[in-house]
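# Residue-level structural notes
Okay, here's what each chain looks like letter by letter:
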Amino acid sequence: MSDNQNLLAEQRRALILDEVRRRGGVRVNELTRKLNVSDMTVRRDLDALARLGMVEKVHGGAVPVAEASTYEPGFEAKSGLELSAKEDIAKAAAAMAAPGTAIALAGGTTAFALAQQLLDVPDLTVVTNSVRVADVFYNAQRSAAGGGAGPRPGAATVVLTGGVRTPSDTLVGPVADAAVRSLHFDVLFLGVHGISVEAGLSTPNLAEAETNRHFVRSARRVVVVADHTKWGTVGLSSFASLDEVDALVTDPGLPGDARAEILEHLPGELVVAGEAAM
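Now for a look at the structure at hand. (Residues numbered from 1 in each chain as written. Predicted model: local features only at pLDDT ≥ 70, side-chain atom pairs only at ≥ 80, totals over all residues. Heavy atoms only, no water.)

### Examining the packing of aromatic side chains
Under the counting rule described, the total for this entry stands at one aromatic pair. Aromatic pair Phe185 and Phe215: ring centres 6.0 Å apart, planes at 40°, arrangement tilted. Of this pair, Phe185 sits in the loop between helix H8 (174–181) and strand S9 (187–191) while Phe215 sits in helix H9 (residues 206–217); the two residues are 30 residues apart in sequence, bridging distant segments of the chain. Among the residues examined, Phe215 registers a relative accessible area of 0% and is labelled buried. (Phe/Tyr/Trp six-rings, centres within 6.5 Å; stacked < 30°, edge-to-face > 60°. Helix = DSSP H or I, 4+ residues; strand = E, 2+ residues; numbered from the N terminus. Buried < 20%, exposed > 50% of the residue type's maximum accessible area, 1.4 Å probe, protein only.)

If you want it as C-alpha cells, here you go:
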C-alpha cells in the first residue's frame, strides 16, 4: 500500500490523535484503512505522538494518555497539532482586530498563529506575555528593516510583559500581573488549555491562571481562540467563565451537541472558522 501523499505528517498525526481521544483508542489496521497509508507509516506516527506524551502505545494500537489536571505540555509538543484548524481560526480572529487599536495576545500556539495573521493590520499596539508571539512581530520588523529603510510604516508596537517563563513559553507571575493590570485593551485574544460549561476557561498552571484573570479584567472585549480539542478539557485552575467571553472562535471539528451547549451559555458569538457566524 502506498502512502497517501495528500496528508502531511503533522496532519496525519493530528487526525490520529483526534481519533484516539474521540474513541478512547485505535488499532493500527483501522488507521491504515482510514488514512490510506502503510502500517509502517502509522507506527512511525504513533511513535512520534508517544514521544510527545500525547498517546500511550499498546499492543496493536494506541490509547489516550491519562493527563492530570496539572499536566502542561510544552510549546513544541502542541505546535504540530491541529495546524490547519489553528490557521483557519487565526484568519477569522484577525478580522476582529481593527487598525490602530490596542490588543492583548495571551500565550499559546493558536495565539502564535494569530500573531502571524496580524502582521498586516496597521498601527496595532500589541501587549503579550508570550515570548513566541513577540518574536513573530520582532522578526517581521527586523526583516523589513534589513534593507536599511527602518521599520515599515504601520508596523505594530509590541510590549512584552516580562515574568517567569512557563513550559509553553508564556510569561506569568507578579511582574506579568502588574504589567497587565496597569493597561487597558480594546480586544484580548486568548488561547486556552481547556473549555467546559462547568469549569469555564482553565489552565494547569496556577500562575498563568492569575495572569489570565488580569488580562480578562483589563479588556473591553474578550475573544477566545481555541480548536475543537479544547472542548471538555479541564485544567487545574479556572480563570474565567463562559459568560465573560464575547466571542469564541473555533473550527468545524467542534461537534453539533457541543455547539448547542456553548450557545446556551455563551452571551457573545460563536464563530466557526470557515462557516457563517452563529
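On we go from here.
### Thoughts on the packing of helix H1 (residues 9–23) against helix H3 (residues 39–51)
Running from N to C, H1 and H3 cross one another at 75°; their axes reach a closest spacing of 10 Å. Between H1 and H3, the interaxial angle falls into the category roughly perpendicular. Residues Arg12, Arg13, Ile16 and Leu17 of H1 lie in contact with H3, whose contacting residues are Thr41, Arg44, Asp45, Leu46, Ala48 and Leu49. For the contact of H1 with H3, the per-class residue count stands at five nonpolar, one polar and four charged. (Axes fitted to C-alpha atoms, helices over the stretch in contact; angles between N-to-C directions. Parallel < 35°, antiparallel > 145°, perpendicular 65-115°, else oblique. Contact = heavy atoms within 4.5 Å. Nonpolar A, V, L, I, M, F, W, Y, C, P; charged D, E, K, R; others polar.)

### A word on the nonpolar core
Membership of the largest hydrophobic core comes to 31 residues, with the highest contact counts inside it found for Leu105, Leu114, Leu118, Phe137, Phe189, Val223 and Val249. Every element with two or more residues in this core is listed here: helix H5 (83–94), strand S4 (102–105), helix H6 (109–117), helix H7 (131–144), S9, strand S12 (222–225) and strand S14 (247–250). Beyond its immediate stretch of four places on either side in the chain, Phe137 contacts Leu105, Ala115, Leu118, Leu119, Val126, Ala156 and Val158. (Core = buried A, V, L, I, M, F, W, Y, C linked by side-chain atoms within 4.5 Å.)

### Considerations on the pairing of strand S3 (residues 61–64)
In regular strands, side chains alternate between the two faces of the sheet. Looking at chain direction, strand S1 (residues 26–27) and S3 are connected through two bridges and run antiparallel. Bridged to Val26 within S3 is Ala62. In the sheet, strand S2 (residues 55–58) pairs with S3 via four bridges, with the strands oriented antiparallel. Paired with Lys57 across the two strands is Ala62, which belongs to S3. (Pairing = 2+ DSSP bridges.)

### Side note on the sheet that holds S4
Pairing within the open sheet is parallel, and its seven strands lie in the order S6-S5-S4-S9-S12-S14-S15. In this open sheet, the two strands that pair with only one neighbour each are strand S6 (157–160) and strand S15 (269–272). For this sheet the average axis-to-axis angle between neighbouring strands, irrespective of direction, equals 20°. Both S4 and strand S5 (residues 125–128) contribute to a ladder of four bridges, which runs parallel. The residue bridging Ala102 from the neighbouring strand is Thr125, located in S5.

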